[in-house]
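Residues per chain, in single letters:
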Amino acid sequence: MSNIMKKKKFVLAYYMYRKWKKERRVKKLWVHPMLSAREQYGEFHTLYEDLRKDEAKFCDYFRMNYKTFDKLLDLLNNKLQHTNTNMRASISAKERLVVTLRYLATGTSLADLEYRFRMGKSTLSVIIREVCSLIWSELYPNYMKMPCMNDWLEIADKFEVSANFPHCVGAVDGKHIRVIKPNKSGSMFLNYKHYFSIVLMAVADSGYNFIYINVGAYGKDCDSGVFKDTAFWHNMINNTLNLPGPASLPNTNIALPYVFVGDEAFALHQNFLRPYNSQQLDAEKSVFNYRLTRARRYVECTFGILANKWRIFHRPLNVSLDLAVDVVKACCLLQNFIHKEEGVKGVQESLTHTELEEFLPFDSTEIVPTTANDIRDKYKEYFNSEYGSVPWQNNYC
């Protein structure tokens, strides 16, 4: 048999096979019958109105009361509502928001949400991405804007009252957000705790609100390296954060700059204090470390509130990196939004024992320190003096 005949037979057999496959192919449904019953049996349509009748249940379900939910919906409604078509009606803005908040509040999988809300996984993924992105873009200008000078002064006043740390304008720390290992990422996201993560770098105030966040750095990177790569750090070292100038500590003539506080992982700077090395501590340095820890704990508590309110952080995020970043940013912004609308509930100020005692008058003609180490030493001296100490500090050193 010639090669030409063999080729013709091969082509004929191929086209016969394609025709046979086409005849056997079962036509896929545009919408699965189970999903098409969304308006009859979906969780939003069967449960939402009943939740509105019980505020406690509503708060447990959405992590916010219905007044806060309504305000959030009003802020997002115009951009979240899609146009109906001749083919089918679009999913309402309210239902989109409900699905997203439930996903963030429970950390459940998209497969589980599919059966609860009777929506396809691809639809749910698109909705969650869209809502999280809108939460950030619409709420960020009002609920996480960069503070002005008066805002910094207000933050410092609250730190002085709640943490007995004057001139503190924020606590800084990083949190590892668990993720499923991204494809072709090697060990870039493997952190020192031996799981894959992205880093949430945050600056928090004494009201457990986020002043600034940066999300998405590699899990392998150290906190100090991540912080130094942020716009916040560059603005701080370039004096463009609108921080107030050096001012006298209470009842003294010693002018010191306003500072942020962090743990040993961060670098010392004129506007950033870290603890003394634990291997070279004396009594006065121990007191300073304790007083700094009282202020720094607020960022740790802020992370704790975030993770306990939005249970999605209790498991690895099994989504793309872009969506993981959007989810984290949305949750941080929602925390600020809820705190502003409802206040902070159930948080014990366990370390704020008493008001400061009456300060003794103090006169000083010392020159204002300019180096980071000198500034830290002056804060140490102040905390160990009779006009800057608190009665219980030696019990914790």
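For the structure given in this document, a descriptive report is provided here. None of these values were measured; they are calculated from a predicted model.

### Things to note about the sheet that holds strand E7 (residues 272–273)
No. 1: One open sheet holds the five strands; their spatial order is E3-E2-E1-E6-E7, and the pairing between them is mixed. Strands with a single pairing partner mark the edges of an open sheet, and in this sheet they are strand E3 (210–218) and E7.
No. 2: Examined bridge by bridge, strand E1 (residues 168–178) and strand E6 (residues 259–261) share three bridges and lie parallel to one another. Looking at the pairing, Gly170 lines up with Phe260 of E6.
No. 3: Where helix H13 (residues 283–309) meets the sheet, its contacts fall on E1, strand E2 (197–204), E3, E6 and E7, and the angle it forms with E1 comes to roughly 50 degrees.

### Overview of the pattern of salt bridges
No. 1: Evaluation of the coordinates by the stated rule reveals eleven salt bridges.
No. 2: Two residues, Glu341 and Lys71, come together in a salt bridge whose shortest N-O distance is 2.9 Å. Within this pair, whereas Glu341 is found in helix H14 (residues 321–342), its partner Lys71 is found in helix H6 (residues 66–80), the two being separated by 270 residues in sequence.
No. 3: Judged by relative accessible area, Lys71 falls into the partly exposed class, the value being 34%.
No. 4: Notably, a salt bridge pairs Lys121 with Glu114, separated by 3.3 Å at the nearest N-O pair.

### What to know about helix H4 (residues 43–52)
Residues lying three or four places apart along an α-helix face the same way, a consequence of the helix completing one turn every 3.6 residues.
No. 1: Those residues of H4 not exposed but buried are Glu43, Phe44, Tyr48 and Leu51. The buried side chains of H4 occupy one side of the element, clustering within an arc of 85 degrees when seen end-on.

### What to know about the packing of aromatic side chains
No. 1: Considering all chains together, one arrives at 29 aromatic pairs under this definition.
No. 2: Arranged with centres 6.3 Å apart and planes meeting at 65 degrees, the rings of Tyr48 and Phe58 form a pair that is edge-to-face. A residue pair is termed long-range when its members are at least 10 positions apart, and Tyr48 in helix H4 and Phe58 in helix H5 (residues 55–62) qualify at ten residues.
No. 3: With a centroid separation of 5.0 Å and 65 degrees between ring planes, the pair formed by Phe165 and Phe383 is classed as edge-to-face. Within this pair, whereas Phe165 is found in the loop between helix H10 (149–163) and E1, its partner Phe383 is found in helix H15 (residues 372–384), the two being separated by 218 residues in sequence. Summarising the burial analysis for this pair, Phe165 and Phe383 share the class buried.
No. 4: In this structure an aromatic cluster arises from ring pairing among Trp152, Tyr212, Phe227, Phe232, Trp233, Phe260, Phe266 and Phe272.
No. 5: One Lys or Arg, Arg297, reaches over the ring of Tyr298 and ends 4.4 Å from the middle of that ring.
No. 6: Its guanidinium or amino end placed over the ring of Tyr276, Arg376 lies 4.1 Å from that ring's centre, counting from NZ or CZ.

### Quick notes on the nonpolar core
No. 1: Formed by 111 residues in total, the largest nonpolar core has its most connected members in Phe62, Phe69, Phe165, Phe260, Trp310 and Tyr379.
No. 2: Apart from residues no more than four positions distant in its own chain, Phe165 is found in contact with Phe159, Glu160, Val259, Val261, Leu273, Arg291, Leu292, Ala295, Tyr379 and Phe383.

Reading guide: rules and limits
Each chain has its residues counted from 1, running along the sequence as written. Per-residue local features of the predicted model are confined to residues with pLDDT of at least 70, and side-chain atom pairs are confined, for both listing and counting, to 80 or more; whole-chain, interface and lining totals are unaffected and use all residues. The side-chain values count all of the structure's non-hydrogen atoms but skip hydrogen atoms and water molecules. Any two strands are treated as partners once DSSP identifies two or more bridges connecting them. Think of it this way: any DSSP run of H or I at least four residues long counts as a helix, any run of E at least two long counts as a strand, and we number them from the N terminus. Only heavy atoms enter the contact rule, under which two residues are in contact if any of them lie within 4.5 Å. Axes, fitted as lines to C-alpha atoms, cover a helix only where it is in contact. Angles between the N-to-C directions of the axes lie from 0 to 180 degrees. Should a side-chain nitrogen of Lys or Arg be within 4 Å of a carboxyl oxygen of Asp or Glu, the pair is scored as a salt bridge. Exposure categories follow from relative accessible area, calculated using a 1.4 Å probe and restricted to protein chains: below 20% of the type maximum is buried, above 50% is exposed, and the middle band is partly exposed. Note that the arc is defined by the directions from the helix axis to the C-beta atoms. For Phe, Tyr and Trp, where Trp contributes only its six-membered ring, two rings pair if their centres lie within 6.5 Å, and the inter-plane angle classes them as stacked under 30 degrees, edge-to-face over 60, or tilted in between. Throughout this description, the term charge over a ring refers to an Arg CZ or Lys NZ atom that lies within 6 Å of the ring centre and within 35 degrees of the ring normal. Nonpolar cores are built from buried Ala, Val, Leu, Ile, Met, Phe, Trp, Tyr and Cys residues. Side-chain atoms within 4.5 Å join them into one set.

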